[in-house]
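One letter stands for each residue in the lines below.
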Amino acid sequence: MNFTVTILGSGAALPTLNRMPSSQYINCNNRHFLIDCAEGTQVQLRKYKVHFQKISHIFISHLHGDHYFGLVGLLSSMSLLGREKEIHLFGPPELEGILKTQLEYGGSRLSFKINFHSLSFHAKEKIHEDDVLEVYSFPLKHKVPTCGFLIKEKPKLLKIDSDKLKDKNIEIEHYKMLQNGQDIQLENGTLYRYQEFTLPPHPPMSYAYCSDTKKDLKIPEFIENCTVLYHEATFLKKDKSIANSTMHSTTIDAANIASLGKVKSLYVGHLSSRYRSDEQHLLELKEVFKNSNVAYDGLIIDLFKQ
Ligand SMILES: [Zn+2]
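Conventions we followed
- Residues numbered from 1 in each chain as written.
- Predicted model: local features only at pLDDT ≥ 70, side-chain atom pairs only at ≥ 80, totals over all residues.
- Heavy atoms only, no water.
- Donors = N, O, S within 2.8 Å, 3.2 Å for Na, K, Ca; no water.
- Tetrahedral: all angles 85-135°; square planar, octahedral: opposite > 155°, others 65-115°.
- Helix = DSSP H or I, 4+ residues; strand = E, 2+ residues; numbered from the N terminus.
- Buried < 20%, exposed > 50% of the residue type's maximum accessible area, 1.4 Å probe, protein only.
- Core = buried A, V, L, I, M, F, W, Y, C linked by side-chain atoms within 4.5 Å.
- Contact = heavy atoms within 4.5 Å.
- Pairing = 2+ DSSP bridges.
- Axes fitted to C-alpha atoms, helices over the stretch in contact; angles between N-to-C directions.
- Phe/Tyr/Trp six-rings, centres within 6.5 Å; stacked < 30°, edge-to-face > 60°.
- Lys NZ or Arg CZ within 6 Å of the ring centre and 35° of its normal.

Undergrad: Account for the coordination of the zinc ion, naming residues and giving values.
TA: In this structure, His62 (NE2), His64 (ND1), His142 (NE2) and Asp212 (OD) serve as the protein donors to the zinc ion, at separations of 2.2 to 2.4 Å. Every donor counted, the four donor atoms about the zinc ion form angles of 87 to 169° at the centre, which fits irregular coordination. For the zinc ion, the single-chain donor residues occur in sequence as H-x1-H-x77-H-x69-D. Of the two residues, His62 is situated in the loop between strand 4 (57-59) and helix 2 (71-80) and His142 in the loop between strand 8 (133-139) and strand 9 (147-153); the sequence distance between them amounts to 80 residues. Like His62, the residue His142 is buried in the burial classification.

Undergrad: Describe the nonpolar core, with residues and values.
TA: Grouped together as the largest cluster of nonpolar side chains are 27 residues, with contacts concentrated most on Ile26 and Tyr207. Sorting the residues of this core by element identifies strand 1 (3-9), strand 2 (23-28), strand 3 (31-37), strand 8, strand 9, strand 14 (206-210) and strand 15 (228-232) as the ones contributing at least two each. The contacts of Tyr207, once residues within four sequence positions are left out, are Phe3, Val5, Gln24, Ile26, Ile35, Phe149, Leu150, Ile151, Val228, Tyr230 and Leu303. Counting residues in each nonpolar core, the second largest holds 24 residues, with Tyr68, Leu71, Met78 and Ile87 among its members.

Undergrad: Kindly report on the pairing of strand 5 (residues 87-91), identifying the contributing residues and their values.
TA: Within strand 5, five of the five residues are buried, which leaves the element mostly enclosed by the surrounding structure. What you see with strand 5 is no split at all: Ile87, Leu89 and Gly91 on one side and His88 and Phe90 on the other are buried throughout. Note that strand 4 and strand 5 share three bridges and pair parallel. Within strand 5, the position partnered with Ile58 by the bridge is Leu89. One ladder, built from five bridges, connects strand 5 with strand 6 (residues 114-118); its direction is parallel. Across the sheet, residue Gly91 finds its bridge partner in strand 6, namely Ser118.

Undergrad: Explain the sheet that holds strand 5 to me, and be specific about the residues and the numbers.
TA: Taken in spatial order, the seven strands line up as 6-5-4-3-2-1-18 in an open sheet, and their pairing is mixed. Strands at the two margins of the open sheet, each flanked by one partner only, are strand 6 and strand 18 (300-302). In this sheet, neighbouring strand axes are inclined to one another by 20° on average, regardless of whether the strands run parallel or antiparallel. Pairing of strand 3 with strand 4 involves three bridges; the strand directions are parallel. Along strand 4, the bridge assignment pairs Phe33 with His57.

Undergrad: So, unusual backbone geometry: which residues are in play, and what are the values?
TA: The peptide bond linking Ser211 to Asp212 adopts the cis configuration, its omega dihedral lying at 5°. Within the secondary structure, Asp212 sits in the loop between strand 14 and helix 7 (219-223). With a phi angle near 50°, Asn29 is a residue other than glycine that sits in the positive phi range. Inspection of the secondary structure assignment puts Asn29 in the loop between strand 2 and strand 3. Its identity as a non-glycine residue notwithstanding, Asn30 has a phi of 65°, on the positive side.

Undergrad: Please set out the packing of aromatic side chains residue by residue, giving values where relevant.
TA: Evaluated as defined, the whole model comprises seven aromatic pairs. Each ring, one from Phe59 and one from Phe90, has its centre 4.7 Å from the other, and the planes form 20°; the classification is stacked. Residue Phe59 is found in strand 4, and its partner Phe90 is found in strand 5; the two are separated by 31 residues along the sequence. For the pair Phe59 and Phe90, a shared accessibility class is recorded, and that class is buried. Within the aromatic cluster, the residues linked to one another by ring pairs are Phe33, Phe59, Phe90 and Phe149. When the ring centre of Phe112 is taken as origin, the NZ or CZ atom of Arg83, which lies over that ring, is 5.5 Å away.

Shown next as structure tokens:
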């Protein structure tokens, strides 16, 4: 089992040598997702050794350039490298037409199919599901329609207590039954109760992404108890008035949301390029929420280690 988030871009609108704009790669039990795809994302994927043809789902939060200007480039490279596997793309409804126009004027055709899914910006919605996880979108408060995303593992199977199964005459197919909470009756009448041979599973983990948004007290309900919250903190508290006018958050806003949402760990990103270092960010965050971290490009967040 694995659940990691690789931060590809932790900066705000202006790319700098230290921080590229928003993008992140998620590997949840070998499902490969990309959230946002700013300029330079394909280079960041190479830099941090992510094989980008594995990505099956791309989620675009909103149509500000620092969240999707790298998308047509990434899709074109996937095509040049001969991708055949379809890709699922989630984003604001206008994104489909934007991509079509970008490709059409160059006479380009992709070698694979895009399944486009329009996001809605009114309520929390389940937008994707498979055997092991669910993905939800939820509305944020920004200058243009914007969604956050929540990736949640489904409840897991019970763990086999192998010490207790030693020397027991149990066939391999019985393991699955025990893991599913079923008892086993052998042909000779012996009954094995699943409680005796299993341990509780690791609790399901979840990851929430909130960029960009002003402080919104609905967010804690949408992401409650999640393992890791990535929230934007574009500004320090002294720049609260700029945060208000641009509909972004400060460090204090992000830490408040983490605290109200009872999350395990907070990571902030989308840091404005006006700040030379992130030391002050960390101090301000920890005033409100102890388990706070400042994200950086190349950081790998392991949800099992929070
Ligand atoms: Zn924005």
